[in-house]
Amino acid sequence: MPEFLHSYVLDRKGGRRVIEHGDISGWSPDQGILWLHLDVNDEASRDWLEEESGLPASIADALLAGETRPRSHIGESGSLLVLRGVNTNPGGDPEDMVSVRVWIERDRIISTRRRRLLSVQDLRAELEDGEGPASSGEFLTMLIARLADRIGDFVNDIEERIGHIEDLGVHEGPAQLRQSITELRRQVASVRRFLAPQRDALDRLYRHSGSLLSESETHDLREEADRLTRYLEDIDLARERLLVLQEEMLALMAQEQNTRMYVLSVVAAVFLPLTFITGLLGMNVGGLPGLENPNGFVVSAVTMVVSAIVLLVFFRWKKWL
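Residues numbered from 1 in each chain as written. Predicted model: local features only at pLDDT ≥ 70, side-chain atom pairs only at ≥ 80, totals over all residues. Heavy atoms only, no water.

S.K.: Lay out helix 2 (residues 43-51) in plain terms, naming residues and giving numbers.
M.R.: Considered for burial, the residues of helix 2 that qualify are S45, W48 and L49. Angular distribution of buried residues about the axis of helix 2 spans 95°; they occupy a single face of the element. Summarising the contacts, the buried residues of helix 2 are in contact with strand 1 (4-10), helix 1 (21-24), strand 3 (33-39), helix 3 (57-64) and strand 7 (108-113). (Buried < 20%, exposed > 50% of the residue type's maximum accessible area, 1.4 Å probe, protein only. Helix = DSSP H or I, 4+ residues; strand = E, 2+ residues; numbered from the N terminus. Arc of directions from axis to C-beta. Contact = heavy atoms within 4.5 Å.)

Here it is as structure tokens:
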């Protein structure tokens, strides 16, 4: 027996009733809107979708597909929509976006998933409270809105974390700062990968939905597509801010390195004449001045000190120090 995660008949007033597996074959549109939500990891559910759902083979294959990008397909009897939502499951990575596939007709909805998507749970909770969708088109717009809500929460969290790095980044070590920026850029890139095609899928759906959506539902869907576009623009801005932060970090590291190299160069320049004098006087050959003079060491030391002072004065005069 297939594992229906949710098998409901929507009463077109915001509520629902559970329908048992044995009663599904006897369902008719006058009873309400049928919503079946399946876990395609279950072999029996896969068999039901392919053999008993009555869907065309291409639609069943799309509902059972593994990894796929967001898209929409408008057919004569219904529409197929593949969407992605932020992974807000406990212990999950937000950028590891979870997919939900929906085949929607005027009186029947079949959705599938491989991992739990909390936006679907939100929709179920609203149905249990009697505040759910009253039509299949409203079901679709409410599901998309719940997905967009969590995407918006993710975008806001990314912006807050970037602001924190911008405010306190200078006080963090380069290694920690680099790790934070790299992690954020990875998350932003992963989410943007699916947001752009999802926006295009929604745009195509509300433009060519035909009789599936009412005028108000088409308007709501267009608003959700616009909201997703704003989130996509925010993601692009976040990516640019991260790029600027990374460039500033690299410039700061280069400046610190140049400062250290500059100090080392000054020290080397100061010791260069001293090294020359000690090397010259340290040769094991005859005729070196001061060998027989008891004050030879003092004269050499004074010469080296004077040479160092002259170089330091020269550096100060040239404003190199």
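Alright, that's what it looks like, and here's the rest.
S.K.: Describe the sheet that holds strand 4 (residues 71-74), listing the residues and the values that go with them.
M.R.: One open sheet accounts for seven strands, arranged 2-1-3-7-6-5-4; its pairing is mixed. Edge positions in the sheet fall to strand 2 (16-18) and strand 4, since each of these pairs with one other strand and no more. Direction aside, neighbouring strands of the sheet carry axes that sit 20° apart on average. Pairing of strand 5 (residues 79-85) with strand 6 (residues 98-104), which is carried by seven bridges, proceeds in the antiparallel orientation. Residue pairing for strand 6: L81 is matched across the bridge by V102. Sitting on the sheet, helix 3 is in contact with strand 4, strand 5, strand 6 and strand 7, with an inclination near 155° to strand 6. (Pairing = 2+ DSSP bridges. Axes fitted to C-alpha atoms, helices over the stretch in contact; angles between N-to-C directions.)

S.K.: Outline the packing of helix 2 against helix 3, supporting the account with residue identities and numerical values.
M.R.: Between two packed helices, what matters for the description is the angle formed by their axes and the separation of those axes. The interhelical angle for the contact between helix 2 and helix 3, taken along N-to-C directions, is 155°, at an axis separation of 9 Å. With respect to their mutual orientation, helix 2 and helix 3 come out roughly antiparallel. The handedness of the crossing between helix 2 and helix 3 is right-handed. Contacts between helix 2 and helix 3 involve R46, L49 and E50 on the former and, on the latter, A60, L63 and L64. When grouped by side-chain class, the residues that make up the contact of helix 2 with helix 3 number four nonpolar, no polar and two charged. (Parallel < 35°, antiparallel > 145°, perpendicular 65-115°, else oblique. Left-handed = near helix turned anticlockwise from the far one by under 90°. Nonpolar A, V, L, I, M, F, W, Y, C, P; charged D, E, K, R; others polar.)

Shape is all these values report; function is a separate question.
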